Amino acid sequence: MISDWRFRRGDPIVVLTGAGISRESGLDTFRDIGGVWSKVKLEDVATPEGYARDPQQVQDFYNARRAQLTEAAIQPNAAHRALAALEAEWRGPVFLVTQNIDDLHERAGSRSLLHMHGELRRVRCTACGDNREEAGAVTIADVCPKCSAIGTRRPDIVWFGEMPYGMDRIYEALVDCELFISIGTSGTVYPAAGFVTEARAHGAYCLELNLEPSHGASMFHRVLNGPATELVPRLVEALLDRQ
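I will try to describe carefully the structure that is included in this document. (Residues numbered from 1 in each chain as written. Predicted model: local features only at pLDDT ≥ 70, side-chain atom pairs only at ≥ 80, totals over all residues. Heavy atoms only, no water.)

### Here we look at the packing of helix H5 (residues 78–89) against helix H9 (residues 228–242)
Geometrically, a packed helix pair is captured by the angle between its two axes and the distance between the axes.
Next up, step 1: Two elements in contact, H5 and H9, have axes whose closest approach is 8 Å; the angle formed by their N-to-C orientations is 15°. Comparing the axis directions of H5 and H9 gives the class roughly parallel. Every pair of crossing elements has a handedness; the one defined by H5 and H9 is left-handed. Here Ala78, Ala79, Ala82, Leu83, Leu86 and Glu89 of H5 lie close against H9, whose contacting residues are Ala228, Thr229, Val232, Pro233, Val236, Leu239 and Leu240.
Next up, step 2: Each residue belonging to the contact of H5 with H9 can be placed in one class, and the counts come to eleven nonpolar, one polar and one charged. (Axes fitted to C-alpha atoms, helices over the stretch in contact; angles between N-to-C directions. Helix = DSSP H or I, 4+ residues; strand = E, 2+ residues; numbered from the N terminus. Parallel < 35°, antiparallel > 145°, perpendicular 65-115°, else oblique. Left-handed = near helix turned anticlockwise from the far one by under 90°. Contact = heavy atoms within 4.5 Å. Nonpolar A, V, L, I, M, F, W, Y, C, P; charged D, E, K, R; others polar.)

### Quick look at H9
Next up, step 1: For H9, with 15 residues, the first-to-last C-alpha span of 21 Å sits near the 21 Å given by 1.5 Å per residue.
Next up, step 2: Residues Ala228, Leu231, Val232, Leu235, Val236, Leu239 and Leu240 constitute the buried set of H9. One side of H9 carries all its buried residues, which in axial view fall inside an arc of 155°. Those residues of H9 that are exposed and angled more than 90 degrees off the buried face are Glu237 and Asp241.
Next up, step 3: The inward-facing, buried residues of H9 contact strand E1 (13–17), helix H1 (19–23), H5, strand E7 (179–183), strand E8 (205–210) and strand E9 (222–225). (Expected span 1.5 Å × (residues − 1). Buried < 20%, exposed > 50% of the residue type's maximum accessible area, 1.4 Å probe, protein only. Arc of directions from axis to C-beta.)

### Topic: the pairing of E8
Next up, step 1: Most of E8 sits inside the fold, with six of its six residues counted as buried.
Next up, step 2: By the alternation rule, side chains of E8 split into Tyr205, Leu207 and Leu209 and Cys206, Glu208 and Asn210, which are all buried.
Next up, step 3: Sheet topology note: the E7/E8 ladder contains five bridges and is parallel. Of the residues in E8, the one forming a bridge with phenylalanine 180 is cysteine 206.
Next up, step 4: In this region the chain leaves E7, passes through helix H8 (residues 195–201) and returns to the parallel neighbour E8; the handedness of that crossover is right-handed.
Next up, step 5: The pairing of E8 with E9 spans four bridges and is parallel. Opposite glutamate 208, over in E9, you have valine 223 as the bridge partner. (Pairing = 2+ DSSP bridges. Right-handed = clockwise from strand over helix to strand, strands pointing away.)

### Section: the layout of surface pockets
Next up, step 1: Of the volumes computed, that of the second largest pocket is approximately 170 Å³.
Next up, step 2: Looking at the second largest pocket, it is lined by 19 residues, and the ones nearest its centre are Thr185, Gly187, Ala192, Ala193 and Val196.
Next up, step 3: Where the lining of the second largest pocket is concerned, the elements lending two or more residues are E7 and H8.
Next up, step 4: Taken together, the residues that form the lining of the second largest pocket break down as nine nonpolar, nine polar and one charged. (1 Å grid on protein atoms, 1.4 Å probe; cavity = no way out; pocket = protein on both sides within 12 Å on 5 of 7 lines; lining within 4 Å. Points joined across faces, edges and corners; volume = space filled by probe spheres on them.)

Okay, structure coming up:
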């Protein structure tokens with residue numbers, strides 16, 4: 001899978017994951033045919049303007065998605081577990097950046113992890129900035145436990161028009177890494193779609209694992225197509241066997 005990559009043991013690795021890896025655990029994707037954006041208007045539930053117009057509609061949308069994470073059938077899959085094993089067993093740093101807002105990577109055991117688009121199970125107060133875990137439903141009548149403001153607790157999700165989290169940290173890792181792996185992404189959402197360009201410009205070997213070639217597939221040194229639950233464990237096994 002990576003026979004043409006020249007590396008040293010312990011070289012830094014950056015992994016980017018998208019909706020494709022969570023889809024195999026039963027979670028809806030956003031952009032695929034039949035995905036979330038075919039059922040609701042993104043400007044209604046995924047923009048600051050939509051939240052300002054109807055905050056309870058937005059809360060209800062994310063409450064439903066948060067509740068889905070508690071369903072017994074929604075569990076980390078083999079791809080999530082393989083990435084956690086890579087982090088635990090690779091001799092160098094493995095930095096996982098995910099566009100996903102679910103918690104499946106954490107539940108699989110990943111720790112060096114950044115949710116660039118936020119997390120379903122967190123809410124933040126627009127009045128005081130308090131940010132904390134929240135597993136239950138949130139309403140516009142909720143009181144912030146820190147500042148006591150009413151109706152100011154919004155989903156800790158990066159909406160369209162907002163800056164993703166951790167960009168400085170991500171670009172530092174892309175500059176330093178020797179291997180960049182993109183898994184289950186469409187290659188259409190920026191800034192994540194540009195990560196391969198940044199990594200490659202600084203000498204990293206770039207590998208895409210996806211059900212089908214992404215929009216940015218031509219930028220990768222190698223593209224492997226198939227289910228993440230099959231490709232990711234094979235890749236991790238190959239990496240660990242070579243170190």
